[in-house]
Amino acid sequence: MEENRFDDVLRGLPRTFNDPPTPPLDEMWAVIEDKHFNPPASAPQWSRSRSLLPWLAAAATLVIGIGIGRNLSVDAPTPQAISQPVSPTTATSASQSEVVDAYRDETTQYLGQTAALLISLPAAGAPDLSDARFAGTASDLLVTTRLLMDSPAAQDPKLRGLLEDLELVLVQIARLRVERNKSDLDLIHQTVEQGDVMSRLNTAVVTNQSGE
Amino acid sequence: MAGRALYDTHAPRVYSLAYRLSGDAEKAREATQDTFIRAFSRLSQFRGDAAFSTWLHRIVVSVVSNSRRTDVRFGREVALDEAQSIAVMAPESDPDLKECIARSVERLSDAYRTTLIMHDIEGYTHAEIAEILGVPEGTSKSRLSAARAQMRQDLAAFRE
């Protein structure tokens with residue numbers, strides 16, 4: 001084959017070699033949506049991959065959290081709102097419902113951020129366990145956790161229990177910065193699993209979002 | 001939903017690459033689905049140190065490559081002997097140039113084949129290929145050159 005002819009062959013490759021058909025975008029999306037965003041509630045995969053379902057649940061939580069975050073109004077409370085205790089004077093000047101709304105929004109945002117952190121944790125046994133990023137974020141969220149525990153947001157017993165468990169998990173993650181090893185990471189995953197933390201996080205986000 | 005918007009933006013090109021690499025609509029479809037499911041699951045691990053599209057294409061190349069390796073392992077791929085027959089094929093025994101080209105591409109090693117498909121067929125630049133495959137740009141260029149040389153040799157016997 002002559003050189004010029006070979007150049008023609010190369011130029012014609014996009015038409016002659018595995019020319020793709022129109023992609024079935026909707027069909028593929030239906031599968032992706034089903035597998036990723038709507039994981040089966042009772043998939044018996046624990047023995048094969050015990051940490052898979054919590055992370056899928058976390059992904060759903062993350063998506064919900066992102067959606068909520070985007071829908072927060074511009075006058076949503078700033079993070080400083082938590083760090084400032086509500087004095088009786090303030091409480092009397094603002095309506096009770098506004099205060100409740102502020103804490104609820106802040107709590108929802110916090111839960112979304114915590115879910116994002118938990119889903120981003122490497123799987124147990126992963127070669128690159130973590131880096132300082134996780135520990136730093138966990139430390140920041142730990143401060144918020146403790147502020148929320150001392151706030152009216154923790155009056156709900158279920159939420160308070162969740163905050164206490166998250167405090168434990170976040171403490172463990174924050175400690176990875178100084179004493180990181182595989183068993184620590186395994187312990188974190190065990191804590192998350194045994195405490196059903198991801199499922200409760202999901203529930204808490206939905207409950208907060210609906211204002212119940 | 002943000003996920004769907006992300007998908008709509010990138011899926012056509014991801015599918016196209018998957019189809020070019022696999023040559024099979026069903027495999028391309030599965031690879032595309034698998035790519036996005038993996039990407040969404042690991043979204044929080046995406047550090048933004050590369051373009052999101054680069055990250056997606058890195059995943060799809062890996063998915064298709066693994067699938068091809070599995071196919072070879074289980075004998076579902078065209079036998080190497082059959083592919084190699086192109087090199088000694090008498091021109092008159094198979095006058096179909098398109099078929100010869102396809103066999104010649106299939107005969108390339110995985111690295112050469114992927115580079116050739118990405119550059120000469122799908123139009124990626126060497127910089128993009130280098131980033132997606134995690135190799136230096138020079139490696140992408142040399143692989144393409146070697147792939148073309150091998151194809152030229154394969155098709156040398158072909159006469160119109």
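Cut-offs used in this document
- Residues numbered from 1 in each chain as written.
- Chains lettered and ligands numbered in written order.
- Predicted model: local features only at pLDDT ≥ 70, side-chain atom pairs only at ≥ 80, totals over all residues.
- Helix = DSSP H or I, 4+ residues; strand = E, 2+ residues; numbered from the N terminus.
- Buried ≥ 20, exposed ≤ 12 C-beta atoms within 10 Å, placed from the backbone.
- Contact = placed C-beta atoms within 7 Å.
- Nonpolar A, V, L, I, M, F, W, Y, C, P; charged D, E, K, R; others polar.
- pLDDT = per-residue confidence, 0-100.
- Expected span 1.5 Å × (residues − 1).
- Axes fitted to C-alpha atoms, helices over the stretch in contact; angles between N-to-C directions.
- Parallel < 35°, antiparallel > 145°, perpendicular 65-115°, else oblique.
- Left-handed = near helix turned anticlockwise from the far one by under 90°.

1. Re the overall build of chain A
Working step 1: The helix and strand inventory of chain A stands at ten helices and zero strands.
Working step 2: Along chain A, helices and strands appear, N-terminal first, in the series α-α-α-α-α-α-α-α-α-α.
Working step 3: By the burial criterion, 30% of the 212 residues in chain A qualify as buried.
Working step 4: Put simply, 73% of the contacts in chain A that link residues at least 6 apart link residues at least 24 apart.

2. Brief notes about the overall build of chain B
Working step 1: Scanning chain B from terminus to terminus reveals eight helices and zero strands.
Working step 2: Reading the helices (α) and strands (β) of chain B from amino to carboxyl end gives α-α-α-α-α-α-α-α.
Working step 3: In chain B, of all internal contacts separated by at least 6 residues, the share reaching a separation of at least 24 is 61%.

3. Details of the interface of chain A and chain B
Working step 1: With 28 residues of chain A at the interface, the matching set in chain B holds 33 residues.
Working step 2: Taken together, the elements giving at least two residues each to the side of chain A that touches chain B come down to α1 (3–16), α2 (25–37), α3 (52–71) and α6 (96–120) of chain A.
Working step 3: Of the residues assigned to the side of chain A that touches chain B, the class counts are 23 nonpolar, four polar and one charged.

4. Thoughts on the confidence of the model for chain B
If pLDDT is low for a region, its predicted coordinates should not be looked at in detail.
Residue and element names in this part refer to chain B.
Working step 1: Per-residue pLDDT for chain B has a mean of 82; in total, 77% of the residues score no lower than 70.
Working step 2: For chain B, the element scoring lowest by mean pLDDT is helix α4 (residues 80–84), at 47; helix α6 (residues 110–121) scores highest, at 95.
Working step 3: Per-residue pLDDT stays below 50 along residues 83–94; that stretch engages in 18 contacts with residues further than four places along the chain or on separate chains.
Working step 4: Across the interfaces of the predicted complex, the ipTM metric reaches 0.80, alongside a pTM of 0.51.

5. Observations regarding unusual backbone geometry
Residue and element names in this part refer to chain A.
Working step 1: Residues other than glycine seldom take positive phi values, yet Asn18 does so here, at roughly 45 degrees.
Working step 2: Turning to its location among the elements, Asn18 is positioned in the loop between α1 and α2.
Working step 3: According to the C-beta neighbour criterion, Asn18 is buried, with 20 such atoms within 10 Å.

6. Quick notes on helix α2 (residues 25–41) of chain B
Working step 1: For α2(B), which comprises 17 residues, the first-to-last C-alpha distance of 24 Å matches the rise-based estimate of 24 Å (1.5 Å per residue) to within 8%.
Working step 2: Buried within α2(B) we find Ala28(B), Ala31(B), Thr32(B), Gln33(B), Asp34(B), Thr35(B), Phe36(B), Ile37(B), Ala39(B) and Phe40(B).

7. Some thoughts on the packing of helix α5 (residues 97–107) of chain B against helix α8 (residues 137–155) of chain B
All names here are of chain B.
Working step 1: Two numbers describe how α5 lies on α8: the axes approach to 10 Å, and their chain directions differ by 135 degrees. With respect to their mutual orientation, α5 and α8 come out oblique. Seen along the crossing, α5 lies across α8 with a hand that is right-handed. The residues of α8 that touch α5, namely those facing Cys100, Ser104 and Arg107, are Met151, Asp154 and Leu155.
Working step 2: Taken together, the residues that form the contact of α5 with α8 break down as three nonpolar, one polar and two charged.

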